[in-house]
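So you can see what is in the structure, the chains are spelled out below.
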Amino acid sequence: MRYSILGTVRAVRGEAELMVGPPKRLALLSLLLLRAPGPLTLSEAVDVLWEEDPPASAVNVVHRHIGALRRALEPGLSSRTDAAHLVRAADGYRLLVDASTSDLLCFRDLRSQARRALREGDPAGAARCLVEALRLWRGPVVAAGTPVAAHPAFVAVGHEFVAAVKEATDVVLASAPEWAEEVLTVLRVAVDCHPFDEALHSRIIGALAATGRQAEALRHFEAVRTVLSEELGVEPGPALRAARQRLLRHAGGADTPGADTRGDDTPGGGVRAAAPHGRPLTAPREQAVPCAQLPADSAVFTGRETELAQLDELLGPVGGSCPPGTAAVVCGMAGIGKTTLALHFAHRHSDRFPDGRIHLDLQGHHPSRDPLDTAQAMRAVLDALGTAHDRHTSTSALTALYRATLAGRRLLLVLDDARDCAHIRPLLPTTPGSLTIITSRRRLEGLAVTHNARIIPVHPMSRSESLRLLDRRLGTHRTRSEPDAAHRIAGLCAGHPLALTLAATRAQTNPHFPLTALAAHLEAHAGTLAAYTGPDPHTDLRQALDRTHRRLSAGAAALFRLLSLHPAPVITVATAASLAATDPGTTHQRLTELADHHLLSETALGHYTLHPLLRAHATELAHTHDTPAERSSAHTRIWQHYLYTVEAAVALLAPGHGRTDLPPPLPGVCPQRFSGRAEAAAWTAAERPALLALVRDAGRSPRDESLRKQLADALAVSLPPADR
């Protein structure tokens, strides 16, 4: 077990993140981590969790949450007396962690090691420990957005971070300047949370000077002086003024208006700068160091030859530059392998981009974080390229700096999980040489219009690709020994890489299970997503699809759920209109929205199909969000739509056939009309799968029996004998 509190609270067993539970339970885990290795008393837990006016049942609620935490941490625990992680203390509970399992305790231990190293005359060792401690800090100490994040107990840990930043800066600038850039980045994070801390600002000035950016250091001083004057009505204090004096003195200027503050604009390469303790340091001129921030390539990547060939076309000849603003949108449904494909391509051609390869997760559909805004994304890219920037600069100035930094470079940007076109447009390079690969659950066709981006849809894998993926995941010794089971698994996963990977992982973790048993398990859960769920929100297929569903408009979401009631794989705009009881124009707009989010595929103009796993998801959502009466009415409307339309076709195809006395249609049913026999025959042939499925529907309700008989009679006239 490993626990994190320096950022979003997490508990991880092995490589799997545990689903701890609701916010109060997460807050309780946060308190246990905060007090570890000491105990958390019941009274403190109640005081922090409820702040004021706790209910009479508060202590019992804490006990219940403790029990749930124990079960999450130790699923096989038979008795709480045998607990190895969460145990009773004198007046509360204790989480058994140490510096190897808690990032907060590790952070504190590294600070203690740094102090010991300083006492023993080893400042370089102290710098190393402090930098390592700061790397553990991923953000403010929080409890998953619960109100306790603002409690003094949590705020105090934030003060530990600021103190560590100051300690690290002093030691690094005095004894280990190779880490100056890293502490400068952390200084800026700290000052974002404490904008009026002059000690932080004075250290930023010293760090900028130590990295050869005197002019920027002076601009930072002036910006802070303006903020202090306008916000607090005060002038900079002694620490800030002293930092400026040292800067001017060691840059060769004077503390007078018009002093030369160009810093490293003079020939010669190096400049002299002052550390906070006054010892001059020699810092090299800033150099463009290629950054390589791509996550690892997939060791089991297979297939996708068509998509890779489309991406290859964007590169142009070896040695040449990409055209201006070259971009590709790799799009598809959740879990279809967009990021895996983009990263595989990026690694395969990394040598074509000598100025850097950057991966940026835009978090468009992240399970627990908000999407990055434009400014956050730009700053992340600038940080990756080592370009200094002021956290308080305006959006227009930041955009100008971003474009200037990217200009003239040969970069590969992988912008992962984009929410929409507006999320991406400001981030696209505008000069030749760079290539941007965007992944998104949406088609982002607007980028093709405004930026000539290539749209590359990622479809489900073919059967042969699915089998190759199983071979690589499980080894051919297993798949070839049970070929029929491997084919069944591939078919049940319907070419969906995440589903295939989850199924293969289950087989990997249970190597003694035959593949026939896994195939039978998948068949037993066919029509649901139960076989593809788990505790990790990043790999839980149901949760991933839920996040897409939540992005839809209310009308499109309702239509998606109702599509699960349609009896055949393909549905037309007219049929969907009757199903949802909406006019064709509105229905087409909603179908287009679903296709844009890759919840539907448009196989022909006006004809849409639903992937089997998406149909299963729609079925689950319908039973969760829609009442039985709503589903029953939609079911009847689809029957009536086909019945009335078949009657209209029969009137043209068999004029002598007597007309059926039909019940009045429900509101919203819009049967089709035909201009002649050819159109009626074409419709009957195209809709044959749906018509036969309706007649053979074993799950129909009793009130549909008369409709079924009438439809069967009409089909007897309109369909060929072999199909009746």
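These figures come from a predicted structure and were not determined experimentally. (Residues numbered from 1 in each chain as written. Predicted model: local features only at pLDDT ≥ 70, side-chain atom pairs only at ≥ 80, totals over all residues. Heavy atoms only, no water.)

Caption draft 1: Representation of helix H14 (residues 395-406) in the model. Its twelve residues give H14 an end-to-end C-alpha distance of 17 Å, which sits within 8% of 16 Å, the value for a rise of 1.5 Å per residue. Tucked into the core, H14 has its buried residues touching helix H13 (374-384) and strand S12 (412-418). Directly after H14, the chain includes Gly408, whose backbone phi takes a positive value near 80°. (Helix = DSSP H or I, 4+ residues; strand = E, 2+ residues; numbered from the N terminus. Expected span 1.5 Å × (residues − 1). Contact = heavy atoms within 4.5 Å.)

Caption draft 2: Representation of the sheet that holds strand S2 (residues 10-13) in the model. One open sheet accounts for three strands, arranged S1-S2-S3; its pairing is antiparallel. Either end of the sheet is taken by a strand with one partner, and the two such strands are strand S1 (2-4) and strand S3 (16-17). Pairing analysis gives three bridges linking S1 to S2, with the strands arranged antiparallel. When the sheet's bridge partners are listed, Arg2 is paired in S2 with Val12. (Pairing = 2+ DSSP bridges.)

Caption draft 3: Examining the pattern of salt bridges more closely. Applying the stated rule across the entire model yields 21 salt bridges. For Arg419, the salt bridge goes to Asp420, with nearest N and O atoms at 3.3 Å. Owing to a relative accessible area of 28%, Arg419 belongs among the partly exposed residues under this scheme. Across the pair Arg480 and Asp471 runs a salt bridge, and its minimum N-O distance is 2.9 Å. (Salt bridge = Lys/Arg side-chain N within 4 Å of Asp/Glu carboxyl O. Buried < 20%, exposed > 50% of the residue type's maximum accessible area, 1.4 Å probe, protein only.)

Caption draft 4: Local environment of the confidence of the model for the chain. A residue-level look at the chain finds 86% of positions with pLDDT of 70 or above and a mean pLDDT of 82. Here residues 253-289 scores under 50 on pLDDT; set against residues more than four positions off or in separate chains, the count is 68 contacts. (pLDDT = per-residue confidence, 0-100.)

Caption draft 5: A look at the sheet that holds strand S5 (residues 86-89). The three strands are arranged S4-S6-S5 in an open sheet whose pairing can be described as antiparallel. Two strands in the sheet have a free side with no partner beyond their single neighbour: strand S4 (40-41) and S5. When S5 meets strand S6 (residues 92-95), the two strands line up antiparallel, connected through four bridges. Across the sheet, Leu86 pairs through a bridge with Leu95, a residue of S6.

Caption draft 6: Local environment of the nonpolar core. If you look at the biggest cluster of nonpolar residues, it comprises 90 residues, and the most contacted ones within it are Leu311, Ile437, Ile489, Tyr532 and Leu594. Excluding its chain neighbours within four sequence positions, the residues that come into contact with Leu311 are Ala328, Val330, Leu341, Phe345, Ile437 and Ile456. Of all hydrophobic cores here, the second largest spans 83 residues; its members include Ala58, Leu95, Ala164 and Ile204. (Core = buried A, V, L, I, M, F, W, Y, C linked by side-chain atoms within 4.5 Å.)

Caption draft 7: Structural detail: the side chain of His611. Along the chain, His611 falls in the loop between strand S17 (607-609) and helix H26 (612-625). Those residues in contact with His611 that sit more than four places away from it in its chain are Met333, Pro460, Cys493, Ala494 and His496.

Caption draft 8: Expanded view of a nonpolar patch on the surface. A grouping of Phe196, Val227, Leu232 and Val234 is seen on the molecular surface, where their side chains present a nonpolar patch of about 310 Å² in accessible area. Residue position: Val234 is located in the loop between helix H9 (214-232) and helix H10 (238-250). (Patch = residues over 30% accessible without salt bridge, like charges linked within 9 Å, V, L, I, M, F, W, Y side chains within 5 Å. Areas by Shrake-Rupley, 256 points an atom, 1.4 Å probe, with all protein chains shown as cover.)

Caption draft 9: Layout of the pairing of S2. A loop of five residues connects S1 with S2, the two strands running antiparallel in sequence, and Gly7 in this loop sits at a positive phi of about 130°. Where S2 lies against S3, two bridges are found, and the strand directions are antiparallel. Bridging from a neighbouring strand, Arg13 pairs with Ala16 of S3. In textbook terms, the turn of a hairpin is the stretch between consecutive antiparallel strands, and for S2 and S3 this stretch comprises two residues, one of which, Gly14, has a positive phi near 65°.

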